[in-house]
Amino acid sequence: MTTEMTHQHEAPTGGQDRLEALSRAQVEALRRGDYSDVYFNSTKRILERTGHRPRVLMQVFQRHEAVLCGIDEAIRVLREGTGHLDPSGNWVPGFDDLVVRALPEGARIGPWEPVMTIEGDYASFAHLETVYLGLLARRTLIATNTAAVVAAAGAIPVLFFAARFDHHATQEGDGWAAHIGGAAGVSTASQAALFGGAPVGTVPHALIAAYGGDTVAAARAFAEVYAGTGMRLAPLVDFHNDCTRTAVEVADALGSDLWGVRLDTGGQMVDRALVDRMGGFRPTGVCAELVFAVREALDAAGHQRIKILVSGGFDAAKIRSFAARGVPVDAYGVGSSLLRGENDFTADIVRTDGAPSAKVGRAEIPSDRLERVR
């Protein structure tokens, strides 16, 4: 592994400074409304062409207990995209004329709690609603899901292994959200970019297959190529569906070069070590009994120091069940479950030209937690 895996996580500061600048093409697309629902673009156009320029208070919220993420990006969108075109076609920025208040990145938030308010000329930022709501929704979903599995795991580190389950263009922001949620590591350089980390990983099935299914040979090759780099060696040991035997073989062969082994048995498979034990538990995939069996086998062979990393089908509920039984896991790799669910955000105008104007059921909700954005 490339970094020391630890559960400790401090709330980041200066998240806005970590965000890479939008490209000129992205900024122009943002200002044109290319990323926006068309009805927000038409709203902006109508207000500008009719000369109706109300000063509004926009309130942004969601409906769950959650970990807020994406607020720095939302503010960046407002900075870059607020404004209008003058008669000559030149962009006139408008962010400095807004009053924006927001909660900090990583804040714990409740249902209906305002996370951001935007006050100013509505025509200058009407076209941005789709963008800032969408990024808040995705980032907060991933941060909240990650925080849930981190809480379930307790002191055991959780690694964010979700890159292969979504479009690569989402990786930077998703990695940042996982970091905000408390993940101990991510698997790609792009995911680690916004918090200055380094990716972590193990010897995959593909490398083992490239060595004809010889897990020991693949692990040795990894150890030779990455000797002296600090990379921690933790090969997958389920290639032949015989995790106890393969784990001991790798540990015997690699000695001090081996940090740990990773179990990733498919959910439709029963490891050979469990065939004679079946009857009182669900034996498929990476079940608790398989982890106990691998730990017992390694310990019996004198490899008590070898760690066990598990992955494949883990979510907060499964991790909690492992924790309740004291399953000897040293790290969890969690993937697609961290991308599932919903954490939708809504934005409402609640005041127009100083007077209450919220739709029924969406009254202004005062908050003393919001801080002015400068």
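A brief structural summary. Please read these numbers as outputs of a predicted model, since none were measured by experiment.

## With respect to the overall build of the chain
Looking only at helices and strands, the chain has 13 helices and 15 strands in total. Taking the principal axes of the C-alpha coordinates as reference, the chain spans close to 80 × 40 × 30 Å. Looking at the chain as a whole, 52% of its 374 residues qualify as buried. For the chain, contacts bridging at least 24 residues in sequence account for 73% of all contacts bridging at least 6.

## Points about helix α3 (residues 38–50)
In this model α3 runs 18 Å from its N-terminal to its C-terminal C-alpha over 13 residues, within 8% of the 18 Å that 1.5 Å per residue would give. Looking only at α3, the buried set comprises F40, N41, K44 and L47. The buried residues of α3 occupy one face: seen down the axis, they fall within an arc of 130°. Away from its buried face by more than 90 degrees, α3 exposes V38, Y39, I46, R49 and T50. Against the buried residues of α3 lie α2 (24–32), β3 (83–85), α5 (122–125) and α6 (129–153). The positive-phi residue at the C-terminal boundary of α3 is G51, with phi of around 75°.

## Topic: the packing of helix α11 (residues 243–254) against helix α12 (residues 288–300)
Helices that pack against each other are described as a pair by the angle of their axes relative to one another and the distance between those axes. Packing of α11 against α12 leaves a shortest axis separation of 9 Å and a crossing angle of 35°. Two packed elements cross with a definite hand, and for α11 against α12 that hand is right-handed. Side by side, α11 and α12 meet where C243, T244, A247, V248 and A251 of the first sit next to L290, A293, V294, A297 and L298 of the second. Broken down by class, the residue content of the contact of α11 with α12 amounts to 9 nonpolar, 1 polar and no charged.

## Focus: unusual backbone geometry
Of note in the backbone geometry, W112 takes a positive phi value of approximately 70° without being a glycine. Along the chain, W112 falls in the loop between β6 (108–109) and β7 (116–121). Using a relative accessible area of 39% as the deciding quantity, one classes W112 as partly exposed.

## Focus on the environment of H179
With respect to the helices, strands and loops of the structure, H179 is situated in helix α7 (residues 171–181). H179 sits in the buried class, given a relative accessible area of 17%. The spacing of H179 and L159 is 20 residues in sequence and 9.8 Å in space, taken between C-alpha atoms.

## Regarding the environment of R351
Take R351: it is sitting in strand β13 (residues 345–352). Judged by its relative accessible area of 25%, R351 falls in the partly exposed class. Through-space distance from the C-alpha of R351 to that of A206 is 58 Å; in sequence the pair is 145 residues apart. In contact with R351, other than residues within four places in its own chain, are R55, V56, L57, E119, P356, S357 and E364. Among the polar contacts made by the side chain of R351, one reaches the side chain of E364 at a distance of 2.5 Å.

## Quick word on the sheet that holds strand β5 (residues 99–102)
Here we have 6 strands laid out as an open sheet, ordered β14-β13-β1-β7-β5-β15, and antiparallel in their pairing. The open sheet terminates on both sides in strands that have one partner only, identified here as β14 (355–356) and β15 (371–372). Here helix α4 (residues 71–81) sits on the sheet and contacts β5 and β7; the angle it forms with β7, its principal contact strand, is near 5°. Of the strands in this sheet, β1 (55–62), β7 and β13 are in contact with α6, which crosses β13 at around 135°.

## Digging into the pattern of salt bridges
Counted according to the given criterion, the structure contains 17 salt bridges. A salt bridge links E119 to R55; its shortest N-O distance comes to 3.9 Å. Here the residue E119 occupies a position in strand β7, and R55 occupies one in strand β1, the gap between them amounting to 64 residues. One salt bridge connects E289 with R325, and the closest N-O pair in it is separated by 3.0 Å. Note that E289 is positioned in helix α12 and R325 in helix α13 (residues 316–325), a separation of 36 residues in sequence.

## Looking at the packing of aromatic side chains
With the rule as written, the count across this model stands at 7 aromatic pairs. A ring pair is formed by F61 and W112, whose centres lie 5.1 Å apart and whose planes are at 25°; its orientation type is stacked. Taken together, the residues F61 in strand β1 and W112 in the loop between β6 and β7 connect sequence positions 51 residues apart. Taking 5.5 Å as the distance between ring centres and 85° as the angle between the ring planes, the aromatic pair formed by Y122 and F125 counts as edge-to-face. Taken together, the positions of Y122 and F125, both in helix α5 and 3 residues apart, correspond to about one turn of that helix. The exposure classification of Y122 matches that of F125, with both residues buried. One aromatic cluster is present, built from ring pairs that chain together F314, F322 and Y332. Between the NZ or CZ atom of K318 and the centre of the ring of F314, over which it lies, the distance is 4.2 Å.

Criteria and cut-off values
Residues numbered from 1 in each chain as written. Predicted model: local features only at pLDDT ≥ 70, side-chain atom pairs only at ≥ 80, totals over all residues. Heavy atoms only, no water. Helix = DSSP H or I, 4+ residues; strand = E, 2+ residues; numbered from the N terminus. Buried < 20%, exposed > 50% of the residue type's maximum accessible area, 1.4 Å probe, protein only. Contact = heavy atoms within 4.5 Å. Expected span 1.5 Å × (residues − 1). Arc of directions from axis to C-beta. Axes fitted to C-alpha atoms, helices over the stretch in contact; angles between N-to-C directions. Left-handed = near helix turned anticlockwise from the far one by under 90°. Nonpolar A, V, L, I, M, F, W, Y, C, P; charged D, E, K, R; others polar. Polar contact = N/O pair within 3.5 Å; in protein donor to acceptor, adjacent residues only side chain to side chain. Pairing = 2+ DSSP bridges. Salt bridge = Lys/Arg side-chain N within 4 Å of Asp/Glu carboxyl O. Phe/Tyr/Trp six-rings, centres within 6.5 Å; stacked < 30°, edge-to-face > 60°. Lys NZ or Arg CZ within 6 Å of the ring centre and 35° of its normal.

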